[in-house]
Amino acid sequence: ISIEEIFNKFKEKDNQVDWVIIGVICSLTQPKKSQKGGYFINWKLTDLKENFIFVNVFERAFAHFNTKCTIGTIVALLNPNIFRRPESKTVNLSLA
């Protein structure tokens, strides 16, 4: 299903349903320090068509993935958090 459909389907958090998104990291940022003092990194995932989604990787996920994932890495994310930034219409995911 499309990224927009993901947001519409899962915006109401349903802990009874597991779901996975699979994509290829097509860009990533350098680690940054968060306002809470931890570090995070941002990934841009693609499905190798014209669809992209941004993933914010925080806390334990950052510690695990920071040195292991580079551009071109295929990732499968189980139950990431879904949100839409108020200032934009794009759907984003986060891992903590």
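Rules behind the numbers
Residues numbered from 1 in each chain as written. Predicted model: local features only at pLDDT ≥ 70, side-chain atom pairs only at ≥ 80, totals over all residues. Heavy atoms only, no water. Core = buried A, V, L, I, M, F, W, Y, C linked by side-chain atoms within 4.5 Å. Buried < 20%, exposed > 50% of the residue type's maximum accessible area, 1.4 Å probe, protein only. Helix = DSSP H or I, 4+ residues; strand = E, 2+ residues; numbered from the N terminus. Contact = heavy atoms within 4.5 Å. Pairing = 2+ DSSP bridges.

To continue, consider the nonpolar core. Ile21, Trp43, Leu45, Val55, Val57, Val75 and Leu77 are the most contacted members of the largest nonpolar core, which has 18 residues in total. Elements that contribute at least two residues to this core include exactly strand 1 (20–28), strand 3 (39–46), strand 4 (52–58), helix 2 (59–65), strand 5 (74–78) and strand 7 (91–95). With sequence-adjacent residues up to four places away left out, Val75 is seen in contact with Ile21, Ile22, Gly23, Ile25, Trp43, Leu45 and Cys69.

With four bridges connecting them, strand 6 (residues 81–84) and strand 7 associate as antiparallel partners. Following the sheet pairing, Ile82 is matched in strand 7 by Leu93. Taking the residues that link successive antiparallel strands as the turn, the strand 6-strand 7 hairpin has six residues.

This part covers the environment of Ile53. Note on placement: Ile53 falls in strand 4. Owing to a relative accessible area of 2%, Ile53 belongs among the buried residues under this scheme. Considered as a pair, Ile53 and Thr90 are 37 residues apart in the sequence and their alpha carbons are 7.9 Å apart.

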